[in-house]
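Single-letter residue listing:
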Amino acid sequence: MVDTKQEIERKYEATAEEAGPSGRPDLPGLPELTGAGPVATVVSRGVATLDATYYDTPGRRLLADGITLRHRTGGADEGWHLKLPVGPDTREELQAPLGAEVPAEMAALLRSRVRHDPLRPLAHLHTERDRKDLVDADGTVLAEVSVDRVTARRLAPEESEPVRWTEVEVELAEGRGHDQRLLDAVEGRLRDGGLHRAETPSKLAKALAETEKAAVAVETGGDGPGKPGKPAKPGKPAKSARQVEQAAPAPRRPLGADDVVLDYVRRQIGAMVRLDPAVRRDLPDAVHRMRVATRRLRSAFRSYRKVLDRAMTDPIGDELKWLAGELGVERDREVLTERLEGRLAELPDDLRLGPVRNRLDHWSQGQRDGARAAVLGALDSERYLTLLDTLDALVADPPLRPAAAKPAAPVVVGAVLRDYERLATRMATALETPPGTDRDVAVHQARKAAKRVRYAAETARPALGKPAKKFARRMQSVQDVLGDHQDSVVVREALRALATQAHGAGESDFTFGLLYGREEARAAARERELPGLWADVSPKKHRAALAA
């Protein structure tokens with residue numbers, strides 16, 4: 001069983017001026033914190049002894065993404081701890097009971113980062129933690145301030161000599177939210193007392209930095225942390241201005257098409273990997289956001305085929321389409337359920353005949369069970385891990401075409417306009433097709449084209465700025481109307497199935513038929529809206545602004 005909480009904390013260390021006899025910053029006395037914002041009293045909670053072993057892959061994949069995994073004894077929350085970054089000063093902390101192996105649920109949450117690499121002990125930290133509660137006038141605990149005296153050893157790739165330091169942590173009590181004013185008030189007192197924000201984001205990062213610094217000192221003739229090394233050799237004569245100029249790095253080339261496209265590709269890959277744990281934990285909107293990242297990535301490969309060789313990206317695009325399809329089962333269920341529940345809530349009680357709510361709940365739960373299993377099955381598959389490895393290899397050695405080396409602006413404008421022409425053709429077909437099934441299909445095809453233009457314009461923003469942003473916004477307005485129409489088509493199919501089930505069970509199918517008619521009217525209204533909307537967004541001046 002894994003428990004979860006949000007950890008909001010800041011770390012502090014001594015300034016260089018406070019260096020003690022060891023030659024390393026020692027912590028001055030903790031300043032008076034009573035009166036810092038709403039703090040009325042400071043209550044000592046004694047000293048706890050904590051022993052933690054931190055785990056990572058040999059390549060330190062977790063550390064690179066700001067994630068820590070540790071096995072800790074001592075304190076009230078001993079056990080396995082997994083910390084995932086959320087935002088400034090904020091991490092999601094998952095806790096599981098003590099055990100010899102990494103808990104299976106935690107291992108699953110790390111799979112998109114770890115993949116096939118083993119998790120091995122990386123560092124051991126022994127901490128003497130002097131804890132104090134900051135309490136308001138009503139006796140409510142606002143935060144905990146800890147003075148941590150740490151002794152750390154790196155365990156891999158080889159064991160290091162121990163290093164020591166002292167730091168202060170200020171962690172908000174659970175339920176306080178992100179109380180910025182309290183944190184700032186306490187920070188003001190700590191700064192006045194000679195402390196500043198820690199340069200490293202975590203104890204593990206600090207331990208690795210300090211042990212590696214100590215190892216370098218020994219290799220170069222020093223005696224380890226905090227001890228003097230050999231005297232420095234006499235300095236060389238100063239370089240002339242000409243020598244400095246010749247040694248200076250070459251000026252960076254103008255923004256190239258490869259810079260723009262690869263930056264966008266890297267961001268989408270990062271989003272996929274980052275959202276994987278959220279999808280596994282079934283967090284709100286996680287499936288949708290991960291599916292969008294896969295679609296954006298696949299769309300970029302197709303739109304920017306003059307930058308990245310499609311002989312390499314098309315097979316990856318096929319795998320992204322597979323993943324989006326697996327995620328789509330769950331996402332489509334979410335959209336359908338939300339829409340059906342909303343439409344049902346709009347009806348007065350006298351138009352809800354029979355056990356409509358119970359049947360809808362039963363249908364949604366049945367859909368959810370299968371969809372959830374499909375998503376987790378995909379994320380646990382070798383096919384998915386291979387896709388992630390392939391994407392990493394792509395950005396490490398991108399298959400660039402000649403246009404990649406050209407200035408970004410003309411290349412990305414050309415890509416956006418090509419996709420726009422494709423959309424214009426499909427919009428013409430949708431507007432000319434008579435109402436019915438054929439129009440539904442045509443509108444859906446136009447929706448997919450509008451999404452592709454929007455993604456292409458979003459990719460182009462670093463090169464084109466506001467014109468690309470405005471163009472993407474216009475394309476999104478088209479996509480929204482077309483998407484609402486498509487959602488209505490899918491909802492009507494679900495309502496027909498629900499009505500058939502209700503009728504077969506001897507229940508009234510009146511309400512489902514009524515909702516079907518309302519959805520049909522909504523789709524017709526969207527179809528009437530399309531000509532005017534397209535007339536607003538399709539003038540040539542909007543496309544000309546991209547190249548201005």
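These numbers were taken from a predicted model, which means no experiment stands behind them.

A. Geometry of the overall build of the chain. Scanning the chain from N- to C-terminus turns up 16 helices and nine strands. Along the first, second and third principal axes, the C-alpha set of the chain runs to 85 × 70 × 45 Å. Taking the contacts inside the chain whose residues are at least 6 apart along the sequence as the reference set, 72% of them involve residues at least 24 apart. Of the accessible surface of the chain, which amounts to about 27,000 Å², a share of 52% is contributed by carbon and sulfur atoms.

B. Empty space enclosed by the protein, seen in detail. Tallying each qualifying case throughout the model produces one cavity of 30 Å³ or more. Taken as a whole, the largest cavity spans an internal volume of roughly 30 Å³. Leu340, Leu344, Val356, Leu360, Leu495, Leu498, Phe512 and Leu515 together form the lining of the largest cavity. Of the residues that constitute the lining of the largest cavity, the class distribution is eight nonpolar, no polar and no charged.

C. Structural view of the nonpolar core. Counting residues in hydrophobic clusters, the biggest one holds 70 residues, and the most contacted among them are Val265, Phe301, Tyr304 and Leu391. When residues of this core are assigned to their parent elements, the largest contribution, twelve residues, is made by helix H7 (residues 257-280). With residues up to four places along the chain from it excluded, the contact list for leucine 391 reads Ile269, Met272, Leu297, Phe301, Ile316 and Leu320. In terms of nonpolar packing, the next biggest core, distinct from the first, is built from 19 residues, Ala14, Leu142, Val145 and Val147 among them.

D. Examining the side chain of aspartate 276 more closely. Secondary-structure assignment places aspartate 276 in helix H7. Within the structure, the side chain of aspartate 276 is placed 2.6 Å from the side chain of arginine 280, a separation counted as a polar contact. In this view, aspartate 276 contacts Ala108, Leu109, Ser112, Met290, Leu379 and Tyr384; residues no more than four positions away in its chain are not counted.

E. Seen up close, the packing of helix H10 (residues 356-379) against helix H14 (residues 466-504). Interaxial distance between H10 and H14 falls to 11 Å at its minimum, and their mutual angle equals 115°. Here H10 and H14 pass one another in a crossing that is right-handed. On H14, the residues that touch Arg359, Leu360 and Trp363 of H10 are Ala494, Leu498, Gln501 and Ala502. Per-class residue counts for the contact of H10 with H14 are five nonpolar, one polar and one charged.

F. Spotlight on the pairing of strand S7 (residues 141-154). Taking burial as the measure, the 14 residues of S7 include ten buried ones, the bulk of the element. The pairing of strand S6 (residues 120-135) with S7 spans 13 bridges and is antiparallel. Residue histidine 126 lies in a different strand from S7, and its bridge partner there is threonine 151. Two strands pair when backbone bridges link them, and S7 and strand S8 (residues 163-172) are joined in this way by ten bridges, in the antiparallel orientation.

About the thresholds
Residues numbered from 1 in each chain as written. Predicted model: local features only at pLDDT ≥ 70, side-chain atom pairs only at ≥ 80, totals over all residues. Heavy atoms only, no water. Helix = DSSP H or I, 4+ residues; strand = E, 2+ residues; numbered from the N terminus. Contact = heavy atoms within 4.5 Å. Areas by Shrake-Rupley, 256 points an atom, 1.4 Å probe, with all protein chains shown as cover. 1 Å grid on protein atoms, 1.4 Å probe; cavity = no way out; pocket = protein on both sides within 12 Å on 5 of 7 lines; lining within 4 Å. Points joined across faces, edges and corners; volume = space filled by probe spheres on them. Nonpolar A, V, L, I, M, F, W, Y, C, P; charged D, E, K, R; others polar. Core = buried A, V, L, I, M, F, W, Y, C linked by side-chain atoms within 4.5 Å. Buried < 20%, exposed > 50% of the residue type's maximum accessible area, 1.4 Å probe, protein only. Polar contact = N/O pair within 3.5 Å; in protein donor to acceptor, adjacent residues only side chain to side chain. Axes fitted to C-alpha atoms, helices over the stretch in contact; angles between N-to-C directions. Left-handed = near helix turned anticlockwise from the far one by under 90°. Pairing = 2+ DSSP bridges.

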